[in-house]
Amino acid sequence: MSLPPERLKRRPEFRLVAAKGRKAPMPGLVLQALARTDDGAARIGFTVTKKVGNAVIRNRTRRRLKEAARLWLAEHPAAGVDLVLIGRDGTRKRSFGALKDDFCRALAKMGVT
RNA sequence: CCAGACGGUCGGACGACCGCUGGCGGUAUGAGAGAAACCAUAUCGCUAGAGGAAAGUCCGGGCUCCACGGGAAUACGGUGCCGGCUAACGGCCGGCGGGGGUGACCCCAGGGAUAGUGCCACAGAAAACAGACCGCCAGCGCAAGGACCCCAGUUCCCCGCCGGCAAGGGCGAAACGGUGCGGCAAGAGCGCACCGCGCCCCUGGCAACAGGGGCGGCAGGGCAAACCCCACCGGGAGCAAGACCGAAUAGGGGCGGCCGGCGGGCCAAACCGGUGCAAGCCGGGGUGGUGACGCAGGGGCAUUUCCGUCCCGUCGCCCGGGUAGGUCGCGUGAGGCGCGCCGCGAGGCGCGUCCCAGAGGAAUGGUCGUCCCCUGCUGAACGGCAGGGACAGAACCCGGCUUACAGGCCGUCUGGCAUU
RNA sequence: UGGGGGAUAGUUUAGCGGUAAAACUCCCGGCUCUGACCCGGGCAUCCUUGGUUCGAAUCCAGGUCCCCCAG
């Protein structure tokens, strides 16, 4: 249990969210969300492709996304959704405050509070 | 001081807050009659937490499973001066030979070309049993022509024939040794000296090889990162190895119950025939039952054909294998650090000391501050502002190689300039 | 993890030790009143760095990128 919300781990789960869910692109990240039928804690997954850079850059990108999501969801817990955060080139370059703001606005756009 | 060569080493520092993973300890809960212990989860505290290349995956090993009676050979792949180091290596160290640099030093797949095959374009006469284009020389011929003032001519040139030669010219990356002297009609290792080459001997060295002497009289062009020959090495697969636990569904085995695509067997009923007065008996018949006997069909025995052989439906219970998933493998090791001894060195030996990452959609982070370094702008020193801080992220482990890399530090040495 | 293959003009491919070839595209010129067609000409660090060789796109080694196969 690395985060209060559970982690998405399996490839079919990611594919389901990508196929059925909604997508909100932001300068610092892309958010995909899919409402679930149950009311359990939100599940969250991270995707950083090889296009972004080498292993060091991909690690840095994923860790900043993890931290932004952790800080926001600690104050505003969500339930009944699966979230996938996709890292992009801007994730690494953007200031952390702006990255958190991107995540917040993406959630608002989804209708998830 | 400047320029350079080689070796080693570091890979920003400190702090605050919020987090992550492992370990240890405490507390609470699961928990059942209770206690202890154990396990799981949550939480609190302490503690540890990426590299010199973790990278590329190019070699070598450990480890695990599989195969295998031993050995050898063939094929395939790799390695290739000599000696040493090492668990081993295609690695490293020390030598040797060749090449480069004024030098410190650097670079080299560096065995075999009289085992064979093949290739050497263009140019050039000729490119590998040598041969002779121009040319040089001797002899013979000399019709015509020329030179020698004219004529003549046993003269010369030119020309032709035959022969000797390989110095010179020219081509080429390379021309069947090089330079010099002698010699000769001209020449030629034809002779001599030196150099090169080959063979033999001696000396030094473990050896590669080096030095010296003698002989040969030049034979044997180059290419083996062309085929090849020789010597040596190599069983295969890889932690998704492998071991253990083990859902749902399907499938396997055992036991019991139930029944069927064709054929035939057996049993029984309707019905038919025969017989008998009749009960009945005999034969046919086959709606039903029975038993998995045969056939068909399907499947297994690596693949295809044939043959052979084994198996076969459905329901219930039990059993074992095994998929998803989980646990282990998993870090005490060819281990780090320090000291001493041996060795030119790679390295070896001894003593002391330390325990030092273990994830699994994958922890080792996020934000901020101070300092350090670099760049740009501004600026009288000082300073101010802005931007940046290399290459890169463990995935079973270890020894190497290769590649990437901002900047810094230490040591040894070389060349030059200046000073004493 | 293990194995195999490739990189040549703008594009697709030849070439396998000795002048780098073809088709299409593009550019220039010609033809035409203009355009097309047609005719002539041009366009190459042979991915990169070293090495072997007299000579390398070709052979060997290191590197970069891409593709494929098996698990």
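Rules and cut-offs
Residues numbered from 1 in each chain as written. Chains lettered and ligands numbered in written order. Predicted model: local features only at pLDDT ≥ 70, side-chain atom pairs only at ≥ 80, totals over all residues. Heavy atoms only, no water. Near = heavy atom within 4 Å. Polar contact = N/O pair within 3.5 Å; in protein donor to acceptor, adjacent residues only side chain to side chain. Helix = DSSP H or I, 4+ residues; strand = E, 2+ residues; numbered from the N terminus. Nonpolar A, V, L, I, M, F, W, Y, C, P; charged D, E, K, R; others polar. Buried < 20%, exposed > 50% of the residue type's maximum accessible area, 1.4 Å probe, protein only. Contact = heavy atoms within 4.5 Å. Pairing = 2+ DSSP bridges. Axes fitted to C-alpha atoms, helices over the stretch in contact; angles between N-to-C directions. Core = buried A, V, L, I, M, F, W, Y, C linked by side-chain atoms within 4.5 Å.

Visitor: Explain the protein's contact with RNA strand B here, please?
Guide: With respect to spatial proximity, 20 residues lie near RNA strand B, and among them R7, K9, R60, R62 and R64 are the closest. A breakdown of the atoms of RNA strand B within 4 Å of the protein gives sugar and phosphate a share of 57%. The contact in question runs from a base nitrogen of RNA strand B to an N or O atom on the backbone of F46, over 3.2 Å. Between RNA strand B and R60 there is a distance of 2.6 Å, counted from a phosphate oxygen to a side-chain nitrogen or oxygen. Those elements that place two or more of their residues in the surface near RNA strand B are α1 (11–20), β4 (43–47) and α2 (55–75). Here the residues of the surface near RNA strand B are counted per class, giving 7 nonpolar, 4 polar and 9 charged.

Visitor: It is not clear to me how the side chain of D82 should be interpreted in this structure. Could you clarify?
Guide: Here D82 lies in strand β5 (residues 81–87). The exposure class assigned to D82 is buried, which follows from its relative accessible area of 4%. Here R43 takes part through its side chain, which lies 3.0 Å from a polar atom of the side chain of D82. In this view, D82 contacts L8, V17, Q32, A33, L34, R36 and R43; residues no more than four positions away in its chain are not counted.

Visitor: Which parts of the structure should I look at to understand the sheet that holds strand β3 (residues 29–35)?
Guide: Strands in a sheet are paired, the pairing made by backbone hydrogen bonds, and the direction either parallel or antiparallel. Reading across from one edge, β1-β4-β5-β3-β2 is the order of the 5 strands in this open sheet, with mixed pairing throughout. Every interior strand has two partners, whereas the edge strands, β1 (6–7) and β2 (22–25), have only one. Pairing of β1 with β4 involves 2 bridges; the strand directions are parallel. Bridge pairing in β4 places R7 opposite I44. The sheet contacts of α1 involve β2, β3, β4 and β5, and relative to β3 the element is tilted by about 90°. Helix α4 (residues 96–110) rests against β2, β3 and β5 of the sheet, and its axis sits at about 35° to β3.

Visitor: Quick question: what am I supposed to make of the nonpolar core here?
Guide: The nonpolar side chains of a soluble globular protein tend to be buried with one another. Counting residues in hydrophobic clusters, the biggest one holds 22 residues, and the most contacted among them are L31, I44, L83, L85 and F103. Where this core is concerned, the elements lending two or more residues are β3, β4, α2, β5 and α4. When sequence neighbours within four positions are dropped, the list of residues in contact with L85 reads V30, L31, I44, G45, F46, T47, L65, A69 and F103. If you look at the next biggest cluster of nonpolar residues, it comprises 5 residues, including F14, V17, L34 and V84.

Purely spatial values, then, with no claim about function.
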